[in-house]
Amino acid sequence: MLRVAPFIRFFVLLWIAVFAAPVGSMSALPMDVIRTIREEPNLQGEGSSSNLEALVVQSLKSIRQQRFDDALDLIDRALDINPSFRLAQMIKGDLLLARARPLESLGNVSDAPPEAVEDLRREAFVRLARYEAPPPVNLVPDALLELSPQQKYAVLVDTGRSRVYLFENRDGNPRYISDYYVTIGKLGTEKQKEGDKRTPLGVYHVTRSLDPDTLPDLYGDGAYPINYPNALDRKFGRTGYGIWLHGSPSDTYSRPPQASDGCVVLTNPDIVDLGKRIQVGFTPVVIAPKVNWVKMSEREILRRELQEEIETWRQDWESRDMGRYLSHYADQFWSDDGNFSQWREQKQRVNQGKSWVKVELSNLSILRYPAAQPMVEVSFDQNYQSNNLKQVIRKRQYWVKQDQDWKIVYEGAG
Amino acid sequence: MIVMRRISLSLGIAATALMLCVTPAHADESAEIDKLLRQGQTAQALQRANQWLTQHPKDLKVRFRRGVILADQGRLNEAIVQFAELSRDHPNLAEARNNLAVLYAARGEFDKAQRELEQAIASHPAYATAHRNLGELYERMAKQAYDKALNLNKTAPSATENNLSRLALMRGLASESTSPQIARLAAATPTPAATPPANKTVVTPPPITTPSTTVNNLAPLLKSPPAPPATAKTEAPAVKAEPAKTEPAKVEPKPTAATAVKPSAEPATPPVNPAQQAEEQAAIAALKAWADAWAAKDVNRYLTFYAPAFRTPKGESRSAWEASRRVRIDKPGQIEVEILQPVAKTIAKDQVEIRFRQRYRSSTFSANSAKSVLMTRQAGKWQILEESVGR
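Owing to the predicted nature of the structure, the values given are computational and were not obtained by experimental measurement. Residue indices follow the written sequence of each chain, beginning from 1 at its first position. Written order decides the labels, with chains lettered from A and ligands numbered from 1. Side-chain atom pairs in this predicted model are given and counted only at pLDDT of 80 or more, local residue features only at pLDDT of at least 70, and totals for whole chains, interfaces and linings cover all residues. Side-chain metrics rest on all non-hydrogen atoms present in the structure, leaving aside hydrogens and water.

**A few points about the overall build of chain A**
Move 1: By the criteria applied, helices consist of DSSP H or I runs no shorter than four residues and strands consist of E runs no shorter than two, each listed in order from the N terminus. Across its full length, chain A carries eleven helices and 19 strands.
Move 2: Remark: exposure states derive from per-residue accessible area (1.4 Å probe, protein chains only) relative to the maximum for the residue type, with buried under 20%, exposed over 50%, and partly exposed in between. Going through the 414 residues of chain A one by one, you find that 62% of them count as buried.
Move 3: The contact criterion used throughout is that any non-hydrogen atoms of two residues lie within 4.5 Å. Taking all contacts inside chain A whose residues are at least 6 apart in sequence as the whole, residues at least 24 apart take part in 64%.
Move 4: Values of accessible area rely on a 1.4 Å probe in the Shrake-Rupley scheme; residue burial ignores everything except the protein chains shown. For chain A, the computed accessible surface area is about 15300 Å², with 48% contributed by carbon and sulfur atoms.

As structure tokens, this is what we get:
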């Protein structure tokens, strides 16, 4: 193949930097788990985004194996499917240029803004990392402790790996369906205030579905707002709004890993695919810096523990023994109406008029909150009946484990 | 055509001696044509070649000359036909394939050009011109890919010409050359650089921001004194216990809100010439008329604001794009479209770029987004050549 080999050798060195970088979080997994990881992406039909990504990843692998003609062929196939895949265009540029002359850097175009090239390199890195360490087959994320029968699917964003995972609810247990590359805030995560270009970390749910035809092109083929700021965010004084999951502009297949103003951005094929599964008002969206993959048995222990705590709380409420009931609440408890002492006074006052109380919980969901302490978001439909009041509402609580005990720190309407 | 004229300048590279066996049946005729060419009598040379070929349709050298003349005259399609026929009749005639490649490249058909050059090299591995041309072609293709990768050069067609001018068109057949030059040319080809120092430019990508382990740390909330929280005097600055400021559930995308509200006058611009300013104002007026047509859902009028050369967002055909716009705009319900804070900049003659904020409002949705358009003036009318969201 022509007289290209010496040039291309340098080119390989440049791209090797992408491979050599530490993959990170998955290194914590035991070896036996790594061996049973999903080897290949689920290759769906033509044009499916995982197919497109697989082509680019395989092209990068071909480069590593010094099979450059194969690499170019794979890239051309990806670009046939979607010419606006910028990362693919850059790899193609480098592959072609390496045939002509020695490369000095990646993205060898004189007027290229270095940040733009760097962005594409990061995208290559995270996309490749996904295939180097795919989601483990026999493990589940500990974030999804229990899904209610209404939640057919759950969405889990791993901001550290620029990935969103879609899980199906199988009898309360998450079953992996697919995962997609995502873009998050320009300045990363831990959103604090409006305009800080960060993506919030927390447990949210989809609140609406917006018609893409009414939106600017920037939002692409779908947009799903989530309920940031939630009760915890508000407690922390966090501001801003309009955090969405959405698609990409029509001239861009995918955006760099960190490029949004805080939204979670997917490619258009992916937002359409994900959108088919989203149930407004139900689908949970957990945004975490890292997904903690655990064995089913390990998750089961925590889930049982919480189910029991919640059941005890329910029984203690029915008992009308205020001491037992209030023992489930943390001293620092807050609700939308006030603090713990206000809550206690109100509950005690109400309790005086009760001769019987019956509480039924259904559609229970327990999601682990990305937090420094063990914390979960619990939500359920609460059917409350007593001698003088009947009420059915959706409730949301945050439980935190303090000194071996789970305590409710927040309770409000869900 | 500028491109072709530049190519014709590279006559100097003419002769690489390839071991082609061409029987010079009528050597004189091609020499006569060459003489006319040297005298600058291109038209006569072509006429003479055409005449000769009616009698001697298979004359290799004259056919080759004719192709070169057509290329010189910028008659790309005819020149391509001529060299394609030659390649068909003489599959191993590397010069014909080389020239075919140069012509394809001039038309932007890089894939075809690449195929021809690779075939030329396959039949004549030492063919230096083809090697060089292929290198140039790869560079050109790489540039194209980079531009797409980095969204560069949307409006700079000049680069094409520069690069193509370096693709060398063969003026004659190597077999005609009197001085074989293989050795010299081969030596002159750029020597591949030695393996570069390993430690150069190998940069590990900086890790994507890893959040601190104190994500959503509730400690400040939990550790506060159990006594009635009179005036919360906790040390943590992040936790404002009281203010829990609930924001109304607005649907607008929050992005750019900060930059949006900046009605301050634009920074003092360098002195502009008033004529140019008037042009820019006219372009802005056209943009506002475009927004009005959109708001009025007058699709036909709306579409008249797009230049014939308008670059459709997904590269789809004009008609497909128009059809999709019709569907989108022609939806029931009232809408408002407003152009805010337009800032116009003259890019070139009859080309103005306008950056602005577009406020869109319907019964279900409102958005305020940054946009820019590239407008072009044709026959006194300002039209949109390119439309993009963001900046």
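Let us keep going from here.
**Section: the pattern of salt bridges**
Pairing between side chains becomes possible if they bear opposite charge and their charged atoms approach one another.
Move 1: Any carboxyl oxygen of Asp or Glu within 4 Å of a side-chain nitrogen of Lys or Arg constitutes a salt bridge here. The tally for this structure, following the rule as stated, stands at 49 salt bridges over all chains.
Move 2: The shortest N-O distance in the salt bridge between Asp89(B) and Arg63(B) comes to 2.6 Å. Placement of the pair is Asp89(B) in helix 5 (residues 76-89) and Arg63(B) in helix 4 (residues 60-72), with a sequence separation of 26 residues.
Move 3: We note a salt bridge from Asp89(B) to Arg88(B), for which the minimum N-O separation is 3.4 Å.
Move 4: Overall, Asp89(B) belongs to the partly exposed group, its relative accessible area being 29%.
Move 5: Overall, the relative accessible area of 58% leaves Arg88(B) in the exposed class.
Move 6: Beyond isolated ion pairs, a larger network of salt bridges with shared partners links Glu53(A), Glu123(A), Arg127(A), Arg130(A), Arg163(A) and Asp179(A).

**Let's talk about the environment of Asp292(B)**
All names here are of chain B.
Move 1: In this structure, Asp-292 sits in helix 13 (residues 274-295).
Move 2: According to the relative accessible area criterion, Asp-292 is partly exposed, its value standing at 48%.
Move 3: Separated by 46 residues in the primary sequence, Asp-292 and Glu-338 have C-alpha atoms spaced 7.9 Å apart.

**Points about the packing of aromatic side chains**
Move 1: In summary, the pairing rule links any two rings of Phe, Tyr or Trp, Trp by its six-membered ring, whose centres are within 6.5 Å, and it sorts them by plane angle into stacked for under 30 degrees, edge-to-face for over 60 and tilted for everything else. Considering all chains together, one arrives at 27 aromatic pairs over all chains under this definition.
Move 2: Among the aromatic residues, those joined into a ring-pair cluster are Trp313(A), Trp317(A), Tyr325(A), Tyr329(A), Phe333(A), Trp343(A), Phe380(A) and Tyr384(A).
Move 3: Here, a charge over a ring is recorded when the distance from Lys NZ or Arg CZ to the ring centre is within 6 Å and its angle to the ring normal is within 35 degrees. Over the face of the ring belonging to Trp343(A) we find Lys347(A), whose NZ or CZ atom lies 4.6 Å from the ring centre.
Move 4: The residue whose ring lies beneath Arg325(B) is Trp294(B), and the NZ or CZ to ring-centre distance is 5.8 Å.

**A short note on helix 5 of chain B**
All names here are of chain B.
Move 1: Take the residue count of a helix, subtract one, and multiply by 1.5 Å to get its expected span. For helix 5, which comprises 14 residues, the first-to-last C-alpha distance of 20 Å matches the rise-based estimate of 20 Å (1.5 Å per residue) to within 8%.
Move 2: Buried within helix 5 are the following residues: Leu-76, Ala-79, Ile-80, Gln-82, Phe-83, Leu-86 and Ser-87. For helix 5, the arc enclosing every buried residue in end-on projection is 165°, short of the 170-degree limit, so these residues lie on one face. Arc, as used here, means the arc of the directions from the helix axis to the C-beta atoms.

**Some remarks on the confidence of the model for chain B**
All names here are of chain B.
Move 1: pLDDT is a per-residue confidence score from the predictor, ranging from 0 to 100. On average, residues of chain B score 70 in pLDDT, and 64% of them are at 70 or above.
Move 2: Within chain B, helix 10 (residues 182-188) has the poorest average pLDDT of any element, 28, and helix 5 the best, 92.
Move 3: Ignoring residues within four places in sequence, the model shows residues 1-24, a span with pLDDT below 50, making 56 contacts including any to other chains.
Move 4: Within the model, the stretch residues 225-270 combines pLDDT values under 50 with 48 contacts to residues more than four positions away or in other chains.

**A word on the sheet that holds strand 2 (residues 351-362) of chain B**
Residues and elements named next belong to chain B.
Move 1: Here the rule is simple: two strands pair whenever DSSP picks up at least two bridges between them. One open sheet accounts for four strands, arranged 1-2-3-4; its pairing is antiparallel. Looking along the sheet, the strands with just one partner apiece sit at the ends: strand 1 (335-348) and strand 4 (381-389). Neighbour-to-neighbour, the strand axes of the sheet open up by a mean angle of 30°, direction not taken into account.
Move 2: Pairing geometry for strand 3 (residues 366-378) and strand 4, over eight bridges, is antiparallel. Opposite Leu-374, over in strand 4, you have Glu-386 as the bridge partner.
Move 3: Along the sheet, helix 13 contacts strand 1, strand 2, strand 3 and strand 4; its crossing angle with strand 1, the most-contacted strand, is approximately 155°. Axis definition: a line fitted to C-alpha atoms, limited for helices to the stretch in contact. Angles are taken between N-to-C directions and run from 0 to 180 degrees.

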